[in-house]
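Coordinate analysis (summary)
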Protein chains: 2
Amino acid sequence: MAQVNATVGDLDGNSDLIVAWTRRAAEQGARLVVFPEMMLTGYPVEDLALRRSFVDASIAKLRAAAERLAAEGLGGIAVVTGYLDRKADSQPRVGLPAGAPLDAAAVLYDGQVQVTSAKHHLPNYGVFDEYRYFVPGDVLPVVRMRAADEDATAVDVAIAICEDLWQDGGPVTVTCAAGAGLLVVPNASPYERGKDDTRLELCQRRAREAGAVLAYANMVGGQDELVFDGDSIIVNDEGELLARGPQFEEALIVADLNLPAADPSPCPSDKPVDAHDGSMITIRRLELPDLPRPQAPDAAAARSTWPRLPDSAEVYAALVTGVRDYVSKNGFGSVIVGLSGGIDSALTATIAADALGPDRVHVVLMPSRYSSDHSVSDAEDLVKRQGLHARTVPIRSMVDAFEAELDLSGLAAENLQARIRGMILMSLSNAAGHLVLTTGNKSELAAGYSTLYGDSAGGFAPIKDVLKTLVWELARWRNREAESRGETPPIPENSITKPPSAELAPGQMDSDTLPDYAVLDALLDDYVVHDMGAAELVAAGHDPALVERVIRMVDRAEYKRRQYPPGPKITPKNFGRDRRLPITNRWREPLQSQGTQPPEAPAS
Amino acid sequence: MAQVNATVGDLDGNSDLIVAWTRRAAEQGARLVVFPEMMLTGYPVEDLALRRSFVDASIAKLRAAAERLAAEGLGGIAVVTGYLDRKADSQPRVGLPAGAPLDAAAVLYDGQVQVTSAKHHLPNYGVFDEYRYFVPGDVLPVVRMRAADEDATAVDVAIAICEDLWQDGGPVTVTCAAGAGLLVVPNASPYERGKDDTRLELCQRRAREAGAVLAYANMVGGQDELVFDGDSIIVNDEGELLARGPQFEEALIVADLNLPAADPSPCPSDKPVDAHDGSMITIRRLELPDLPRPQAPDAAAARSTWPRLPDSAEVYAALVTGVRDYVSKNGFGSVIVGLSGGIDSALTATIAADALGPDRVHVVLMPSRYSSDHSVSDAEDLVKRQGLHARTVPIRSMVDAFEAELDLSGLAAENLQARIRGMILMSLSNAAGHLVLTTGNKSELAAGYSTLYGDSAGGFAPIKDVLKTLVWELARWRNREAESRGETPPIPENSITKPPSAELAPGQMDSDTLPDYAVLDALLDDYVVHDMGAAELVAAGHDPALVERVIRMVDRAEYKRRQYPPGPKITPKNFGRDRRLPITNRWREPLQSQGTQPPEAPAS
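Residues numbered from 1 in each chain as written. Chains lettered and ligands numbered in written order. Predicted model: local features only at pLDDT ≥ 70, side-chain atom pairs only at ≥ 80, totals over all residues. Heavy atoms only, no water.

Considering the pairing of strand β3 (residues 78-87) of chain A
All names here are of chain A. Short version of the rule: Each residue's exposure class comes from its accessible area (1.4 Å probe, protein chains only) as a fraction of the maximum for that residue type: buried when under 20%, exposed when over 50%, partly exposed otherwise. Secondary structure is summarised from DSSP: a helix means a run of H or I of at least four residues, a strand means a run of E of at least two, and numbering begins at the N terminus for each. Strands are labelled as partners when DSSP assigns at least two bridges between them.
Counting buried positions along β3 yields nine of 10 residues, so the element is predominantly enclosed. Pairing geometry for β3 and strand β4 (residues 100-109), over nine bridges, is antiparallel. Within β4, the position partnered with lysine 87 by the bridge is alanine 100.

Digging into the packing of helix α10 (residues 396-406) of chain A against helix α10 (residues 396-406) of chain B
How we decide: Helix axes are fitted to C-alpha atoms over the stretch in contact, other axes to C-alpha atoms as well, and angles between N-to-C directions run from 0 to 180 degrees. Each angle receives one of four descriptions, namely roughly parallel if under 35 degrees, roughly antiparallel if over 145, roughly perpendicular if within 65 to 115, and oblique otherwise. Whether two residues touch is decided by their heavy atoms; if any such pair falls within 4.5 Å, the residues are in contact.
Two elements in contact, α10 of chain A and α10 of chain B, have axes whose closest approach is 9 Å; the angle formed by their N-to-C orientations is 180°. For the element pair α10 of chain A / α10 of chain B, the angle class is roughly antiparallel. On α10 of chain B, the residues touching Ser397, Met398, Ala401, Phe402 and Glu405 of chain A of α10 of chain A are Ser397, Met398, Ala401, Phe402 and Glu405 of chain B.

Focus: the packing of aromatic side chains
Worth spelling out the cut-off: Aromatic rings from Phe, Tyr and Trp, taking only the six-membered ring of Trp, are treated as a pair when their centres fall within 6.5 Å; an angle between ring planes under 30 degrees marks them as stacked, one over 60 as edge-to-face, and anything in between as tilted. A ring is scored as having a charge over it whenever the NZ atom of a lysine or the CZ atom of an arginine sits within 6 Å of its centre and within 35 degrees of its normal.
Evaluation of the coordinates by the stated rule reveals 19 aromatic pairs over all chains. Both rings, one in phenylalanine 54 of chain A and one in tryptophan 587 of chain B, keep their centres 4.8 Å apart while their planes meet at 75°; by these two values the pair is edge-to-face. Of the two residues, phenylalanine 54 of chain A sits in helix α2 (residues 52-71) while tryptophan 587 of chain B sits in the segment after α19 (558-562), which places them in two different chains. Both residues of the pair, phenylalanine 54 of chain A and tryptophan 587 of chain B, count as buried. The interplanar angle of 65° and the centroid separation of 6.2 Å between the aromatic rings of tyrosine 133 of chain B and phenylalanine 134 of chain B together place this pair among those described as edge-to-face. Positioned above the aromatic ring of tryptophan 21 of chain A, the side-chain terminus of arginine 24 of chain A is 4.3 Å from the ring centre. For arginine 579 of chain A, the ring lying beneath its charged end belongs to tyrosine 527 of chain A, and the centroid distance is 5.8 Å.

Notes on unusual backbone geometry
All names here are of chain A. Proline 44 follows tyrosine 43 through a cis peptide bond whose omega is -10°. Take proline 44: it is sitting in the loop between β2 (32-34) and α2. One non-glycine residue with positive phi stands out, namely tyrosine 453, at about 70°. Relative to the elements of secondary structure, tyrosine 453 occurs in the loop between α12 (442-447) and α13 (468-484). Overall, the relative accessible area of 6% leaves tyrosine 453 in the buried class.

Remarks on the sheet that holds strand β19 (residues 389-392) of chain A
All names here are of chain A. Spatially, β19-β18-β17-β20 is the arrangement adopted by the four strands of the open sheet, whose pairing is parallel. Each edge of the open sheet carries a strand with a single partner, namely β19 and β20 (435-436). In terms of strand pairing, strand β17 (residues 335-339) meets strand β18 (residues 361-365) through five bridges, oriented parallel. Each bridged residue has a counterpart across the sheet, and for valine 337 the counterpart in β18 is valine 363. In this fold helix α11 (residues 410-432) packs onto β17, β18, β19 and β20, with an angle of close to 160° to the strand it touches most, β17.

Laid out in structure tokens, this is it:
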């Protein structure tokens, strides 16, 4: 399994990756290599799927990749890769072009595209809109090929794609009916923080259902708000873990599999089978010719298993990956961060330095008349610890210039300071080409405790899906990590321990406006991620007055979130395409349930 | 048909509308009144559909509305209304709660919810994500009731919902099978500018297919980016137009219909029928008891037909409606607009004044060292013509304060001026509670010819879907309209005729950076709305060098659009939820076609 980092739209670059990683796989003795879902186009391509020129290019590039592999002596390795295709004879559907797009997979071998298929189950929830783009596949390819050992009998390999594992029936069921020994599954499955090992459990269950070894190959890397975490998995037909890739890193996971011999008298090709999900799926069989192997493998270089990261390390790696890829894939050389001495900007700068190296991180200290001494000294301490490029721009003269014209007080005066800082960062970004990183956390973004075009200004927001309590946890974890390696902890202890303050007014503290973050974050998680109504929140033990107040804050801030920059999703529901609420919305959650008991429904 | 303006989430207010408009309908002699789709909840409710408390409230409020109608003496009028329901026995589906949401309609009569059904065809393209929220309905209610004339025999009325008309097969087909004489269709169909009368043609075609009189009742009003335009229609079973409501205005469209007598021996209830779309739909029949009519109708007050607006008037009305409803439904008392003397801000202010009255429109002139004399004089002329609240805030001292600290030049210096203006508007908004209206047009937004947090700052962007050439056209039309009524043209002629300039640098003209707007807009329309690839654009006659340059500008500006405020959609594809492209996107349109010919597919 080649767990690699594809880039959306970069068909040339992604094609190069296919050739380069297939060569590495060949060098390590592989006969079959599996790339992620939509490898050739990147994922998700969103409305590019509807553009004819883009689908044309994907199909042409797939053929070119097959030819190139053969030309470079790699035609004897079966390459399974995801790409974007179209269904020639699709029924017309409103919103889809004639020849509807397919989230497809192909087997490249002997210089040719040997067989293709398409994802059967289309996710259309959370961040996924696949019913908007694709029609479902209705074919299960079963490819007969010689096993690694030259003398071995043939084995049958079936192909499913990503969501096909997550829903009942479909390709997994038909794999069992087809009697395939191996089910390979290209994926583009984004990271979500979770205590359970959901994916492993899923692979184990589906391998048992399919009665086959299951190889789950996932993508790696960041794409706008999504971070693909790799963590590719192979389990045998009893659910035993055989191999597991690293998280958030490109890798070749090499496993020597003991597969059952293919039935010498298979059912005839193109047989439609009941997929137990209300549909029929056609089994399409083909046999790959034996080709000479290109070279003697260096099986000693092969690696099949990597350790899993603990929780904080995993979340932190997701944020670093998200920042690194947004910066590099969008062609930025450097980033700029406004440093307040507080924990949010300290963590953001630290993530950026870990992602890009300190030399590509520029910070700006922008003290005002309300800034405490420790704001400046803590920020300076962080700069020194990490060796960042720092600059100080006091905002007083700019605040004075505005106030001379506008006579502002209260909230308007507070926001003014935040906006002047946002403007300084944008000006320095325009002048030097840095990407501005926004430092707001999820608790603030939820509660609307931020200034539009002020602290919310920027191109990418590394911690927008991180609740404040997790911000502290990650900061402490990062410092401990450094200590355990004998390095200087990157974040000043005082930034972690001091009470949070926006310092936009004399003596201002977050606690003047917001409840204690531990209480707030628990409530936000239940309201935002679990979508509980007010009565459910109260029933779950949250204080009724607080429920009413916090829900109102969250609902009223929708317009601010709509204009917020993207940032890496790490929870089951982030602010972005995952949670879609109207701005114009007069719904007020009742604290008492309406009393309509929903009827019992079958368990999900 | 009650073509009314529902508000998302305002179940109490929407319920009041149902009662109030049913009373008006009763006063005009109606026996049946049809409200729009999702009338009780507003439309679209987006992720609120997934929240249990909200669905509970909708169901409870529907029952309460039926009871209230009866209590107020209106129980003898059959009321068809849209609301949000759940399917008790739905199959589990990932992303949906147990008891999946339904886009439903109900008949309220005699104090009770007599029958319910749900939309069968779910749109999942353009701005619609209904497969995310709903499961399809599979019932066609056929309600037998006494016709208006007391001595008449009974008539059969079937109910379909919105998209059920736009797709082939389904409820329309089954209406024919059921032999219903009238098909009523609640809609929430947003406005889109188009030269053809698509909706009327659709209603005519479906009426013929159903073999029934068809009554299409649409919503009115703005909801975030969508504007519902009313324009409700009744056609007979031969497609003849019987009634048509006004555009963009609430109205009761009263028609006295000559309906065929119901077959005295109908097929048994609950009969599943082939819907000719691969599904079965069950016909559910019921007969409403005759109830005494509440009062003698004032049929003279009834009106059935309104004239249609010409093209410019229609677009302008859509923009005015969008602004008025965003402002009022979000509880703002007033708006504020930065006035440059140019045409974009002049048109924006004029739309706002038409939407809210000049007394609720505040404008700010923010001249800089690069502002020409006519910038100020044209803006002042507009203020005088319309009687707006005006204030002048020269930006020089603020620019100087920033430049003293930052030493900016080129683009950074230009953006600085735009951002200072954005900040002044936001400060005045914070101080006085005005909503900031953003003045950018679609051509600028497409090409990225705007400053993030500068001229793009604000809460609502009235002309974000209006190309520059249409901005001029609307301005000229608005002035002519005023002249034809003997009023002062609201927009200074010089704002319309002078060459456009951002005035952020000495002698700067839009034409330094952008091609002629007539050429640019034609290209943008083909690329953005029609989603043509580069080779198609060249084949359509656009200059290849320009195609390459403009496409690059559009693609690179995706990050700016992601942070842009919402504004009314008037074209088949606006920037917003309608066009979803990745920010991180290395795809570069090839000027030469890839040569993959898509196969022929059946016509859509």
